[in-house]
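Close look at the chain arrangement
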Amino acid sequence: MASSLFRNFQTYPLLLSPSALFRRNNGVLFCTLNSTTQTATQEKQPSVQTKVSPQSKVKTVDKLLKDYEAIIGIETHVQLSTLTKAFCGCPYNYGAQPNTTICPICMGLPGTLPVLNSKVIEFAVKLGLALNCKLSLSSKFDRKQYFYPDLPKGYQISQFDIPIATGGYVDLDLPVEFGGGHRKFGITRVHMEEDAGKLLHSGNGSYSQVDLNRAGVPLLEIVSEPDMRSGIEAAEYAAELQRVVRFLGVSNGNMQEGSLRCDVNVSIRPLGQVEFGTKVEIKNLNSFAAINRAIDFEISRQVHLHSQGQGDSIIQETRLWEEGAQRTVTMRKKEGLADYRYFPEPDLPGVLLTEEYVDSIRTSLPELPEMKRRRYEDMGLSMQDVLFLANDKNVAEFFDATVAKGADMKLAANWIMGDIAAYINNEKVSINDIKLKPEELAELIASIKGGTISGKIGKEILFELIAKGGTVKGVIKEKDLVQITDPAEIEKMVDKVVSENPKQLEQYRAGKTKLQGFFAGQVMKASKGKANPVLLNKILQEKLNAKN
Amino acid sequence: MVLSTAMKPSKYLFSCRRIHHHHHFPSVMTINANLSSSQSQILSIRESLLSRQVSATQIVESYLTRFSLTEPHLHSFLHFCDDSILKQQAQDLDDKIQKGEENLGPLAGVLVGVKDNICTADMPSTAGSRILQNYRPPFDASVVRRIRELGGIVCTVNPWDLSRVPGGSSGGSAAAVSARQCTVSLGSDTGGSVRQPASFCGVVGFKPTYGRVSRYGLMAYASSLDVIGCFSTSVVDSAILLHAISGHDPLDATSSKRGVPDFTSHISSINIMHSKPLKGLRVGLISETMKDGVDYGVKSAITAAASHLQDLGCIISEVSLPSFSLGLPAYYILASSESSSNLARYDGVRYGNQALSTELNALYEDSRAKGFGSEVKMRILMGAYALSAGYYDAYYKRAQQVRTLIRRSFSAALDNNDILISPAAPSAAYKIGEKKNDPLAMYAGDIMTVNVNLAGLPALVVPCGFVEGGPTVLPVGLQMIGAAFEEDKLLKVGHIFEQTLQGCSFVPPLVATALS
């Protein structure tokens with residue numbers, strides 16, 4: 001079911017005034033629906049809340065939860081990053097001025113016809129394969145019919161009984177901090193469809209406007225099996241889908257922009273019960289954290305009701321996640337099963353795929369997150385490291401490129417997860433934005449390992465390269481940073497420092513051996529950090545202890 | 001005498017007195033092919049222009065004069081373009097000729113009437129419906145664009161009226177051609193709405209193979225059945241117009257990528273003076289179309305047409321299409337289902353008339369209640385019902401299965417025959433309102449044509465005779481059905497049939513009077 005938040009306010013009371021406004025200029029169109037009510041109906045619904053404080057409630061429920069099992073399934077809509085929309089030549093740019101990327105076709109003007117963008121098929125096949133699905137070599141488009149102002153044709157072109165891909169699964173590894181563990185979740189189906197426009201509601205709710213920029217943008221809907229059992233599992237499932245679409249390059253997967261939208265279905269049942277409980281749909285989940293928390297909230301709510309003998313008040317409905325209040329509230333009750341009067345889209349020929357086409361796409365697939373994780377694991381990295389490196393496409397590519405240049409795998413991982421990650425987090429940039437090239441990181445690691453520079457100098461060079469770019473060799477040369485490994489030269493510096501600090505030397509020799517650090521620091525300072533620390537300490541110790 | 005003012009120009013007075021088709025143009029020499037300009041208004045116009053005996057301006061003026069004489073009786077044009085637009089186009093053409101530019105498009109100076117459910121950017125296209133009142137599309141339909149590129153002068157004709165039966169809905173296009181208000185015209189044919197009015201009006205009507213002509217810009221009624229077709233006063237003109245609008249269109253995914261043969265060259269290569277020009281052509285008369293329920297006069301005219309074909313050398317046999325009678329219910333289920341969906345966009349939100357309302361559902365309901373006529377509402381209800389959960393299998397799906405049967409039975413019949421023939425309608429034109437309260441009788445009038453749409457085949461209707469109609473006689477059309485994409489064969493046969501049919505004129509007397 002294609003969904004946007006607004007579109008599912010089927011009962012939204014738009015009150016139209018005689019001044020309903022239409023402007024049509026150069027194909028740009030605004031439709032203004034004036035309304036006099038303020039908000040959606042959910043405001044009037046008393047939410048089912050317990051009287052106990054949140055703290056004590058959580059504790060109670062935690063105990064209760066052990067007797068119940070949650071069943072969670074997710075419908076995900078992924079907006080494809082094709083250059084043009086699914087059935088016309090319009091581009092789609094998130095955030096563009098309303099009704100600026102529209103044409104007669106995506107406006108659904110009389111007489112216009114859809115022509116399928118072949119990239120949509122290519123992306124669907126890619127995702128189907130990446131999710132280990134069986135592809136339908138012969139599928140078709142259908143019309144899903146309903147009335148809403150953001151749906152210009154009065155139907156959505158979608159796929160009904162023969163989706164392009166079915167029966168797959170995703171593998172994922174839960175984060176270590178959440179207890180870790182491998183999971184495999186089933187994928188029921190993947191199908192192609194078009195997005196609808198958006199309704200923009202005025203601040204005071206007195207009117208609504210239709211923006212058709214998004215109308216006709218291609219989507220893939222991914223329906224999971226009801227295999228997830230907790231908020232974190234569901235959030236990680238969604239995160240894995242995001243990784244997969246990003247690795248494939250079929251979508252930017254950005255939840256804030258609505259490029260990845262998840263609707264979750266949650267039900268609970270007492271452990272041991274075979275039948276499913278009544279399922280509740282949750283919408284308005286704009287982040288993985290929201291998915292996690294909304295589901296856990298909903299599980300608690302349902303378990304609480306069930307354990308109080310109020311299982312009947314868990315009804316089939318759509319609930320909205322309120323980020324501010326951290327709770328779900330009733331949005332609308334299901335008014336029976338909607339009849340969308342699906343029938344095959346007569347304006348589009350069937351979608352026929354050949355085995356050769358599918359094979360050519362299969363062979364062109366990039367390494368996917370799960371394959372990367374298994375490979376990194378086999379390389380001997382810890383699961384924490386594996387997840388950090390493999391779960392971000394850009395980080396994984398940087399890591400792979402660094403290792404490919406001969407860098408020690410463990411050291412490369414440490415640098416990336418340590419100083420580089422810290423820099424990226426502080427500056428709020430992507431690893432692609434830094435000026436350090438993977439081959440230079442490899443060079444840096446080699447230079448430290450080979451003794452040309454110290455680790456400390458290495459760190460300095462790293463930040464220099466991240467900020468300004470250039471090569472390791474260039475910076476070393478430019479700043480004269482080659483490590484001093486000549487024992488005679490170091491000895492000279494040690495002698496100087498020792499002779500300049502007689503008081504400390506006396507204390508040292510009186511047994512305050514901790515002062516070695518002080519001497520080491522002074523020598524390092526004198527060498528401008530370039531002295532080989534191992535040599536320095538060896539020589540220093542000899543000198544300090546020599547006259548004993 | 002007052003002619004009917006509506007889409008079904010019943011009560012035309014026809015006579016068998018032969019009048020000269022082209023007396024308003026100076027007689028011209030034939031051009032290099034065997035085709036004579038006396039067989040074609042389009043060729044006649046072309047020759048007049050090239051020989052500079054007549055200017056485009058004079059041609060347009062003669063149409064405008066005739067239009068002003070006939071339109072008060074016909075009302076076939078909803079939005080006749082501004083005279084000045086037509087005159088300007090004619091002037092531009094004359095300038096071109098004056099400069100000696102010889103590369104005139106094949107439709108140069110030809111007035112093409114376009115049914116107003118086909119989008120034209122410079123004129124309102126309202127599908128004759130209140131819900132689209134004053135709607136002006138921002139683009140030309142692909143067929144309109146092609147006609148303009150080839151030099152044609154486009155004007156809009158009467159409507160696919162959403163408040164009326166689409167069965168004969170291209171009546172305005174047919175009437176306009178019959179009355180010589182335009183040279184040729186375009187209509188749309190979902191279940192026979194080019195062929196039936198052609199038959200009623202005594203003009204040539206051509207429904208091409210589904211996919212031959214782009215539907216882009218045709219306001220969809222039933223997408224899997226809709227085809228844009230031609231009206232003309234001769235088969236040659238339909239061939240020229242069809243050739244102009246045929247071929248793949250990247251904007252219509254259902255348009256065929258097959259090459260388009262030169263339909264006119266197929267015609268011009270025929271020597272109609274040959275005593276048996278159609279020698280050996282196998283013609284199957286569909287037996288189900290000559291049974292009870294078909295007017296006696298129509299049957300006689302078709303039988304006479306068959307023997308005429310036999311005289312031309314054809315081998316006539318009766319062929320049975322056992323699934324023929326299933327076509328009507330299957331057609332009405334499929335057409336209603338698709339139209340219930342295609343008409344959903346007329347919701348008053350983006351274009352057309354919007355009802356004043358205080359609530360969203362009421363906005364939809366009132367806009368559609370006021371915008372659609374009762375016949376359309378009935379079809380939307382039927383279609384929505386047929387597609388509903390629980391009924392889909394019994395209606396829509398079953399109708400699709402019937403469609404497959406029909407397609408197969410046509411295919412088998414066309415394996416054994418070059419073409420099939422039948423009446424274009426079970427009766428001649430009936431009076432407006434005659435079948436208003438009997439929708440089933442009205443729908444039954446489509447029995448001859450709907451099967452062809454279900455099978456997606458090309459069909460040509462040529463006037464073949466008359467039946468008595470009270471104080472007057474009414475024309476009868478012969479339908480010739482060909483295999484998919486074999487339009488050339490139908491045009492060739494139709495041309496010979498037309499050119500050898502003796503002693504009949506299908507020019508309405510009113511028009512003949514206006515012309516003289």
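Residues numbered from 1 in each chain as written. Chains lettered and ligands numbered in written order. Predicted model: local features only at pLDDT ≥ 70, side-chain atom pairs only at ≥ 80, totals over all residues. Heavy atoms only, no water.

**Comments concerning the overall build of chain B**
Note the following rule: Numbering of helices and strands runs from the N terminus, with a helix taken as a DSSP run of H or I at least four residues long and a strand as a DSSP run of E at least two residues long. By definition in these notes, contact holds between two residues if any of their heavy atoms fall within 4.5 Å. Using a 1.4 Å probe, accessible areas were evaluated by the Shrake-Rupley method; residue-level cover was limited to the displayed protein chains.
Assigned secondary structure in chain B consists of 17 helices and ten strands. Taking the intrachain contacts of chain B between residues at least 6 apart in sequence as the baseline, contacts between residues at least 24 apart amount to 78%. When the accessible surface of chain B is split by element, carbon and sulfur atoms take 53% of a total near 17,900 Å².

**Thoughts on the overall build of chain A**
Filter applied, for reference: Each residue's exposure class comes from its accessible area (1.4 Å probe, protein chains only) as a fraction of the maximum for that residue type: buried when under 20%, exposed when over 50%, partly exposed otherwise.
A tally of regular secondary structure across chain A gives 16 helices and 18 strands. Buried positions account for 52% of the 548 residues belonging to chain A. Long-range pairs, those at least 24 residues apart, make up 71% of the contacts in chain A with a sequence separation of at least 6. For chain A, the accessible area works out to roughly 24,300 Å², and carbon and sulfur atoms hold 54% of it.

**Overview of the pairing of strand β9 (residues 182–194) of chain A**
All names here are of chain A. Here is the rule: Here, any two strands with at least 2 DSSP bridges between them count as paired.
Across eight bridges, strand β8 (residues 165–173) lies against β9 in antiparallel orientation. Opposite G168, over in β9, you have I187 as the bridge partner. Pairing of β9 with strand β12 (residues 218–224), which is carried by seven bridges, proceeds in the antiparallel orientation. Each bridged residue has a counterpart across the sheet, and for V190 the counterpart in β12 is I222.

**As for the interface of chain B and chain A**
Accessible area lost upon the coming together of the parts is a frequently used measure of interface size. Where we set the bar: By buried area we mean the combined loss of accessible area, with a 1.4 Å probe, across both parts when two parts are placed together. In the sections that follow, a salt bridge refers to a side-chain nitrogen of Lys or Arg positioned within 4 Å of a carboxyl oxygen of Asp or Glu. Any N or O atom pair separated by 3.5 Å or less is treated as a polar contact, with the protein-specific requirement of one donor-capable and one acceptor-capable atom, and with residues adjacent in sequence counted only for side-chain atom pairs. Each residue gets one of three labels, nonpolar for Ala, Val, Leu, Ile, Met, Phe, Trp, Tyr, Cys and Pro, charged for Asp, Glu, Lys and Arg, and polar for the others, Gly among them.
In this assembly, 45 residues from chain B lie in contact with 41 residues from chain A. For the chain B and chain A pair, buried surface summed over both sides reaches about 3,500 Å², with 61% attributable to carbon and sulfur atoms. Three residues, B:R345, B:R350 and B:L360, lead the burial of chain B against chain A; their summed loss comes to 20% of the area buried on that side. Here chain B is connected to chain A by one salt bridge. One salt bridge connects B:R215 with A:D347, and the closest N-O pair in it is separated by 3.0 Å. The tally of links from chain B across to chain A stands at 15 residue pairs in polar contact (both at pLDDT 80 or more). Element by element, the count of residues in the side of chain B that touches chain A is highest for helix α10 (residues 327–342) of chain B, at five residues. Split by residue class, the side of chain B that touches chain A holds 25 nonpolar, 13 polar and seven charged.

**Concerning the packing of aromatic side chains**
Selection rule: When two rings of Phe, Tyr or Trp (its six-membered ring) have centres within 6.5 Å they constitute a pair, described as stacked for plane angles under 30 degrees, edge-to-face for angles over 60, and tilted for the intermediate range. Here, a charge over a ring is recorded when the distance from Lys NZ or Arg CZ to the ring centre is within 6 Å and its angle to the ring normal is within 35 degrees.
Under the criterion given, the structure shown has 18 aromatic pairs over all chains. Aromatic pair A:F343 and B:Y396: ring centres 5.7 Å apart, planes at 65°, arrangement edge-to-face. Within this pair, whereas A:F343 is found in strand β17 (residues 343–344), its partner B:Y396 is found in helix α13 (residues 393–416), the two belonging to separate chains. Overall, A:F343 belongs to the buried group, its relative accessible area being 1%. With centroids separated by 5.3 Å and ring planes inclined at 70°, the aromatic side chains of A:F518 and A:F519 adopt a geometry described as edge-to-face. Residue classification places A:F518 among the partly exposed positions, given a relative accessible area of 28%. One aromatic cluster is present, formed by A:Y146, A:F160, A:Y340 and A:Y342 through successive ring pairs. The ring of A:Y340 carries A:K144 above its face, with NZ or CZ at 4.3 Å from the centroid.

**Here's the deal with the side chain of A:Q302**
Residues and elements named next belong to chain A. Topologically, Q302 is positioned in helix α4 (residues 288–307). At a separation of 2.8 Å, a polar atom in the side chain of Q302 contacts the side chain of E298. Beyond its immediate chain neighbours, meaning those up to four positions away, Q302 contacts V266, S267, I268, T278, V280 and I314.

**A few points about the confidence of the model for chain B**
All names here are of chain B. Where we set the bar: For every residue, the predictor reports its confidence as pLDDT, a number between 0 and 100.
Per-residue pLDDT for chain B has a mean of 84; in total, 84% of the residues score no lower than 70. The least confident element of chain B is helix α17 (residues 509–515), whose mean pLDDT is 64; the most confident is strand β6 (residues 282–286), at 98. For the stretch residues 1–33, pLDDT sits under 50, and the model shows 103 contacts to residues farther than four places along the chain or on other chains. Reported confidence for the predicted complex is 0.89 by ipTM and 0.85 by pTM.

**Section: the UniProt feature "domain: Asn/Gln amidotransferase" (unreviewed entry) in chain A**
Convention followed: UniProt positions are given in the numbering used here, feature names are shortened, and annotations may be inferred rather than shown by experiment.
Mapped onto the present numbering, the UniProt feature "domain: Asn/Gln amidotransferase" (unreviewed entry) falls on residues 397–544 of chain A. With 72% helix and 0% strand, the stretch residues 397–544 of chain A has end C-alpha atoms that lie 49 Å from each other.

**Thoughts on a nonpolar patch on the surface**
How we decide: Patch membership requires more than 30% relative accessible area and the absence of a salt bridge. Residues of like charge join within 9 Å; the nonpolar side chains Val, Leu, Ile, Met, Phe, Trp and Tyr join within 5 Å.
Taken together, the side chains of B:Y385, B:Y391 and B:Y395 present a nonpolar region at the surface, about 290 Å² in accessible area. For B:Y395, a relative accessible area of 32% gives the class partly exposed.

**So, the sheet that holds strand β8 (residues 419–423) of chain B**
Residues and elements named next belong to chain B. Filter applied, for reference: Only the contacting stretch of a helix is used when fitting its axis, a line to C-alpha atoms as for every element, and angles between N-to-C directions run 0 to 180 degrees.
If you trace the ten strands from one edge of the open sheet to the other, you get β2-β1-β3-β5-β4-β9-β10-β8-β6-β7, paired in mixed fashion. Each of the sheet's edge strands pairs with one partner strand only, and the pair in question is β2 (153–157) and β7 (315–319). Recorded for the sheet is a direction-independent mean angle of 30° between the axes of neighbouring strands. For β6 and β7, the ladder comprises five bridges, and the chain directions are parallel. The partner of R282 across the bridge, within β7, is I315. Across the face of the sheet, helix α4 (residues 142–149) comes into contact with β1 (111–115), β2, β3 (184–189) and β5 (227–232) while running at roughly 145° to β2.

**Description of the UniProt feature "active site" (unreviewed entry) in chain B**
Residues and elements named next belong to chain B. Taking the UniProt record as the reference, the feature "active site" (unreviewed entry) is found at K115, S169 and S193. For K115, the location among the structural elements is in strand β1. On the secondary structure map, S193 appears in the loop between β3 and α6 (195–201). From its side chain, S193 meets the backbone oxygen of S188 in a polar contact 2.9 Å long.

**Observations regarding unusual backbone geometry**
Residue and element names in this part refer to chain A. Here the phi dihedral of N284 falls at roughly 70°; this positive angle occurs in a residue that is not glycine. Following the sequence through the fold, N284 ends up in strand β14 (residues 280–285). Exposure remark for N284: the relative accessible area of 24% places this residue in the partly exposed category.

**Digging into the state of the cysteines**
This is how the line gets drawn: For the purposes of this analysis, a disulfide is any pair of cysteine sulfur atoms at a distance within 2.5 Å.
Counting across every chain of the model gives zero disulfides over all chains. Note on B:C119: no disulfide assigned, nearest cysteine sulfur contributed by A:C103 at a separation of 13 Å. Here B:C230 is not disulfide-linked; the sulfur of B:C182 is the nearest cysteine sulfur, at 12 Å.

**Some details on the nonpolar core**
Quick note on the threshold: What we call a nonpolar core is a set of buried Ala, Val, Leu, Ile, Met, Phe, Trp, Tyr and Cys residues that are connected through their side-chain atoms within 4.5 Å.
Ranked by internal contacts, the top residues of the largest apolar core, which has 166 residues, are B:L186, B:L309, B:F410, B:L478 and B:M480. When residues of this core are assigned to their parent elements, the largest contribution, eight residues, is made by helix α7 (residues 235–245) of chain B. With residues up to four places along the chain from it excluded, the contact list for B:L309 reads B:L278, B:V283, B:C314, B:I316, B:I421, B:L478, B:V493 and B:F497. Ranked by size, the runner-up nonpolar core spans 68 residues in total, among them A:L64, A:A124, A:A290 and A:L365.

**Thoughts on the pattern of salt bridges**
All names here are of chain A. A complete count under the given rule lists 54 salt bridges over all chains for this structure. For E69, the salt bridge identified is with R269, shortest N-O distance 2.9 Å. With E69 in strand β3 (residues 68–79) and R269 in strand β13 (residues 260–270), this residue pair connects regions lying 200 residues apart in the sequence. Among the charged side chains, a salt-bridge network with shared partners connects D173, E236, E240, R243, E370, R373, R374 and E377.

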